[in-house]
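# Descriptive analysis of the structure
So you can see what is in the structure, the chains are spelled out below.
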Amino acid sequence: MSRVATENKLIKIIKYVMPIATIIISLIFTTFIVFSNIDEFKKESKNLKESYIVNQKKLVKSEVLRVYNELENEHKKVKEFIKNDIKNRVNEAYKISLNIYKEHHNESKKKILKLIKDSLRAIKFNNDRGYFVINDLEGNTILYPPKRSVEGKNHLNIKDNNGFYFMREIIREVKEKHEGYIEFNWKIPSKNDDIFYKKTVFFKEVKPLGIYISTGEYISEYEKSVKKKLIKRLQNLRYGLNKFVFLVDYDGIYLSHLKDEYVGKNRIDLKDKNGFYITKEIINAAKRGEGFISYISTVMPETNLPASKTSFVKGFDKWNIAVASGFYNQKIDYMIEEKKQELDEKNRKYIYKMLTFSLLIAFILFAISLYVSTYLEKYFLKYRRKIYKEVEKNKKKDILLAHQSKMVAMGEMMENIAHQWRQPLSIITTCASGMQLNKQLGLLTDESQDKSIEIILSNANHLSQTIDDFRDFLNNKKEKKEFDLQNVYKKTLKIISSKLESNNVKLSTHIEEVVINGYENELIQVLMNFFNNSLDAFKINNVENRQINLKIYKSANFAYFDYSDNAGGIKQEYLNKIFEPYFTTKHQYNGTGIGLYMSQQIITKHFNANIEVKNIIRNTKTIGVRFTVKIPFQ
């Protein structure tokens, strides 16, 4: 197909295919959006369910922990509450006793003590657990309301079940500090058991009478009252819609619940329709520390029917209580159904808008594409003419560069031929002159004549071989073939060797046997350019000990040329420019600036290879340049 036909076809494609493609893409996009919305609803429903469960778990857990922390705080404050309570009680009794003493200080001590005993004996507090005790500093009990028979007796040697003489310790503290607290184990008078309970006592000295007043509280009994008050307060604790925290002790008795009929009831054997023992598993989870459990609840408040429920449980072991709260999984189904209806309505509106919008866009793009195709058709010929002009310019430029490169190569060849022929011609001339002189002197013998002719013929053959070598290099026929890089080096050396010798250049080589496929003469031209650039640099920089190193080797996939010299290198700012056409730093030495450009073109385009250049630097001094050619095996 001709280029003009191809361009006309392209214009038609722009004119007609673009609008049609726009409409098709719009329809595909609209269909994609519709199905995407359906998929999005499915994903959103799934995410909504997962999110609901996660959020509800966080919510019930936070509420359970809030109640748990409240229990923990109340438990921690029990001793503090006890101490404050019994101290306040003793201070009240102390004031009463001191007032009686002040009013009757003229009376006998016995009478004053009787008045104080009569005033304090009937005082009860903390659900009748609390009462006042009076002792003197000798250990004699003056007032003991629970058991009058011990009054008037000495209890200095009394001790608790751990062998602690608490009366002696109290008297010592009274004498030193006049008041204080003490803890010991003692039986609860109202209980008919032999169990000792932890008791906290506050005592205070009434100094004028040589007595002290005390009262105490059993920690376990006080905790029971605190626990009872706290649970009663928590009974009405609600959050959200029909959400609540319920408490169950480790025996299975419900201490608080949304339904009052469950409070105080032992439901240890409660199980759901699947045979799951709800209360037992709640208690087990509490004893483990905390955790989530799922079961079928007896009733869901909104429906009054059994429903799947997930509860978070945390155990408060200090009081043997399981704190729990849960949520009903069925609620998410109601929420998803509402969301589905909402999304369906939203999708209908969205699809209608998208279809309308897509058709409008398709019409607009159709009009734009017609305008663009007309515009492109109008200016395409103009740009085509410009392109043709630029192509022709580039062709002329390439021809000029090739011609210049050829002329440079021809010039260099003539110089190399002159170097190669100089010595053989000198030898031929010397032999001919010697034969002529010997003939004139009559000294020419057949033997000397034959020897001179042999020398002349040998050097003539050398000149002929030189012509053949240079003719092969300058051969314009490009034939792609397999060749050994050792031959490339040998042929290059034949052409350049005399020039290297005349310029006193020492050549160090390491040449491996490497066979590649390509154009042999072009690779010789690249190597010749490297050598010629080094020779010019040696002259420009007046280098004395001139050295060129050439390595040819291979790896698994690549053949390598590693070429370097000590000619002084290239200025850093020129390194990125040396492969540009006509760039040269040796105008005064007739540099053309096309040698390295042509070398790069040959390496990259004809061998699909890579060429790199960098300076060789030693002790911050640039001593030379290194070219690395990397040719892939084909």
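Residues numbered from 1 in each chain as written. Predicted model: local features only at pLDDT ≥ 70, side-chain atom pairs only at ≥ 80, totals over all residues. Heavy atoms only, no water.

With that settled, the discussion passes to unusual backbone geometry. Of note in the backbone geometry, Asn126 takes a positive phi value of approximately 55 degrees without being a glycine. The topology assignment puts Asn126 in the loop between helix 2 (109–121) and strand 1 (133–136). Residue Asn126 is classed as buried on the basis of its relative accessible area, which comes to 18%. One non-glycine residue, Asn619, lies in the positive phi region at around 55 degrees. (Helix = DSSP H or I, 4+ residues; strand = E, 2+ residues; numbered from the N terminus. Buried < 20%, exposed > 50% of the residue type's maximum accessible area, 1.4 Å probe, protein only.)

This part takes up the side chain of Thr492. As for its position among the elements, Thr492 is in helix 8 (residues 485–502). If near-sequence neighbours (up to four positions away) are discounted, Thr492 is found in contact with Ile524, Leu527, Met528 and Phe531. (Contact = heavy atoms within 4.5 Å.)

A separate point is the pairing of strand 12 (residues 321–328). Of all eight residues in strand 12, eight are buried, a share of seventy percent or more. Residues Ile321, Val323, Ser325 and Phe327 line one face of strand 12 and the alternating positions Ala322, Ala324, Gly326 and Tyr328 line the opposite face, and both faces are buried. Relative to strand 12, strand 8 (residues 246–249) is paired through four bridges, and the arrangement is antiparallel. The residue bridging Asp249 from the neighbouring strand is Ile321, located in strand 12. Here strand 11 (residues 305–316) pairs with strand 12 via eight bridges, running antiparallel. (Pairing = 2+ DSSP bridges.)

It is worth spelling out helix 9 (residues 520–540) at this point. If you check helix 9, its first and last C-alpha atoms are 31 Å apart, about what 21 residues at 1.5 Å a residue would give, namely 30 Å. Burial within helix 9 is extensive, with 16 of its 21 residues counted as buried. Looking one or two residues past helix 9, Asn542 carries a phi angle of roughly 50 degrees, positive in sign. (Expected span 1.5 Å × (residues − 1).)

Considering all chains together, one arrives at 18 aromatic pairs under this definition. Centroid distance Phe166 to Phe184: 4.0 Å. Interplanar angle 5 degrees. Geometry classified as stacked. Of this pair, Phe166 sits in helix 3 (residues 166–177) while Phe184 is found in strand 3 (residues 179–186), placing the two residues 18 residues apart along the sequence. Ring geometry for Tyr181 and Phe202: centres 4.9 Å apart, planes at 55 degrees, overall tilted. Taken together, the residues Tyr181 in strand 3 and Phe202 in strand 4 (residues 197–206) connect sequence positions 21 residues apart. Among the residues examined, Phe202 registers a relative accessible area of 1% and is labelled buried. Over the ring of Phe292 we find Lys57; its NZ or CZ atom is 5.0 Å from the centre of that ring. (Phe/Tyr/Trp six-rings, centres within 6.5 Å; stacked < 30°, edge-to-face > 60°. Lys NZ or Arg CZ within 6 Å of the ring centre and 35° of its normal.)

Contact geometry of helix 9 with helix 10 (residues 595–606) gives a least axis separation of 9 Å together with a crossing angle of 145 degrees. Once helix 9 is placed against helix 10, the crossing between them reads as left-handed. Where helix 9 approaches helix 10, its residues Glu522, Leu523, Gln525, Val526, Asn529, Phe530 and Asn533 are matched on the opposing element by Gly595, Leu596, Ser599, Ile602, Ile603 and His606. (Axes fitted to C-alpha atoms, helices over the stretch in contact; angles between N-to-C directions. Left-handed = near helix turned anticlockwise from the far one by under 90°.)

Running from N to C, helix 8 and helix 9 point in directions that differ by 35 degrees, and their axes come no closer than 9 Å. Of the two elements, helix 8 crosses helix 9, and the hand of that crossing is right-handed. Two secondary-structure elements touch here, helix 8 through Leu485, Asn487, Val488, Tyr489, Lys491, Thr492, Ile495, Ile496, Lys499 and Leu500 and helix 9 through Glu520, Leu523, Ile524, Leu527, Met528, Phe531, Asn532 and Leu535. Grouping the constituent residues of the contact of helix 8 with helix 9 by class yields 12 nonpolar, three polar and three charged. (Nonpolar A, V, L, I, M, F, W, Y, C, P; charged D, E, K, R; others polar.)

Another point: a nonpolar patch on the surface. There is a patch of nonpolar side chains on the surface, built from Leu360, Phe363, Ile364 and Ile368 and spanning about 390 Å² of accessible area. We classify Ile368 as partly exposed; its relative accessible area is 40%. (Patch = residues over 30% accessible without salt bridge, like charges linked within 9 Å, V, L, I, M, F, W, Y side chains within 5 Å. Areas by Shrake-Rupley, 256 points an atom, 1.4 Å probe, with all protein chains shown as cover. Salt bridge = Lys/Arg side-chain N within 4 Å of Asp/Glu carboxyl O.)

Here we take up the sheet that holds strand 19 (residues 621–632). Two pairing modes exist for strands in a sheet, parallel and antiparallel, and in both the strands are linked by backbone hydrogen bonds. Spatial ordering of the open sheet is given by 14-16-17-19-18, a layout of five strands whose pairing is mixed. Where the open sheet ends on each side, the last strands, each with one partner, are strand 14 (505–511) and strand 18 (610–618). Geometrically, the sheet is characterised by an average inter-axis angle of 15 degrees between neighbouring strands, direction not taken into account.

Here we come to the sheet that holds strand 10 (residues 290–300). Across the sheet, which stays open at both edges, the five strands sit in the order 9-8-12-11-10 with antiparallel pairing between neighbours. Strands at the two margins of the open sheet, each flanked by one partner only, are strand 9 (254–256) and strand 10. Taken over all neighbouring pairs, the strand axes of this sheet differ in orientation by 35 degrees on average, direction set aside. As defined by bridge partners, strand 8 adjoins strand 9 across two bridges and the pair is classed as antiparallel. When the bridges of strand 9 are listed, Val248 appears paired with Tyr254. Against the sheet, helix 4 (residues 219–234) engages strand 8, strand 9 and strand 12, with an angle of about 70 degrees to strand 9. Running at roughly 160 degrees to strand 10, helix 5 (residues 278–288) makes contact with strand 8, strand 9, strand 10, strand 11 and strand 12 of the sheet.

In this section: the side chain of Ser534. The topology assignment puts Ser534 in helix 9. Residues contacting Ser534, with those up to four places away along its chain left out, are Ile548, Tyr563, Asp565 and Ala567.

Looking now at the pattern of salt bridges. What the rule picks out here adds up to 20 salt bridges. A salt bridge links Lys114 to Asp118; the shortest N-O distance between them is 3.1 Å. Separated by four residues within a single helix, Lys114 and Asp118 lie in helix 2, roughly one turn from each other. Of the residues examined, Lys114 reaches a relative accessible area of 52% and is grouped as exposed. Via salt bridges that share partners, Glu169, Arg172, Glu173, Glu176 and Lys177 belong to a single interconnected network.

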